[in-house]
Amino acid sequence: MQHTGMVRSVDRLGRITIPKELCRVLGLLGSSRVVLSLENNGIVIRRYTEPCCLCGRADDTFEVDGKFYCSHCRKNPQAAAMEKFVGDFSDKYAEKKKED
Ligand SMILES: [Zn+2]
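Residues numbered from 1 in each chain as written. Predicted model: local features only at pLDDT ≥ 70, side-chain atom pairs only at ≥ 80, totals over all residues.

Caption draft 1: Region of interest: the overall build of the protein chain. For the protein chain, the count of helices and strands is 3 helices and 4 strands. Going residue by residue from the N terminus, the α and β elements of the protein chain occur as α-β-β-β-β-α-α. In summary, the protein chain has a C-alpha radius of gyration of 20 Å against a globular reference of 13 Å for 100 residues, an excess of more than 25%. Its C-alpha atoms give the protein chain principal-axis dimensions of about 60 × 35 × 25 Å. Classification of the 100 residues of the protein chain by burial places 6% in the buried group. The contacts in the protein chain between residues at least 6 apart in sequence include a share of 11% that link residues at least 24 apart. (Helix = DSSP H or I, 4+ residues; strand = E, 2+ residues; numbered from the N terminus. Rg over C-alpha atoms; globule rule 2.2 N^0.38 Å. Buried ≥ 20, exposed ≤ 12 C-beta atoms within 10 Å, placed from the backbone. Contact = placed C-beta atoms within 7 Å.)

What follows is the structure, encoded as structure tokens:
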């Protein structure tokens, strides 16, 4: 973990301000969402990215017409959609088979 040397105070409501320099590095805009996690007795703040609507990957996604896609599915959208369709169909078939 890279220490930034930046020290901030927590206000009485538990809020902190993320330094502008860090926002710029992480690509955080005014409306960005973040994920907070506890790691090694500290709080880690990561930029939240929507998972790919086709494969579920949460890294390297981007928005197109309100849906998020990863770079892999962007390159092969038809193949990814077919994989998802086959996977969903297999899951439903397996559930139906359990019921019978
Ligand atoms: Zn994907």
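Caption draft 2: Region of interest: the environment of Ile-18. Relative to the helices and strands, Ile-18 is located in the segment before α1 (20-26). Distance in space between the C-alpha atoms of Ile-18 and Arg-8 is 8.3 Å, their sequence separation being 10 residues. Discounting chain neighbours no more than four positions away, the residues touching Ile-18 are Cys-23, Leu-28 and Ile-45.

Caption draft 3: Highlighting the pairing of strand β3 (residues 61-64). In this sheet, strand β4 (residues 67-70) lies alongside β3 in antiparallel orientation, the contact comprising 4 bridges. By the bridge assignment for β4, Thr-61 is matched with Cys-70. Counted between consecutive antiparallel strands, the loop separating β3 from β4 contains 2 residues, among which Asp-65 sits at a positive phi close to 50°. (Pairing = 2+ DSSP bridges.)

Caption draft 4: Examining the domain arrangement of the protein chain more closely. The domain boundaries assigned to the protein chain delineate domain 1 (1-48) and domain 2 (61-99). Computed over C-alpha atoms, the centres of domain 1 and domain 2 are 33 Å apart. (Domains from an automatic or database assignment.)

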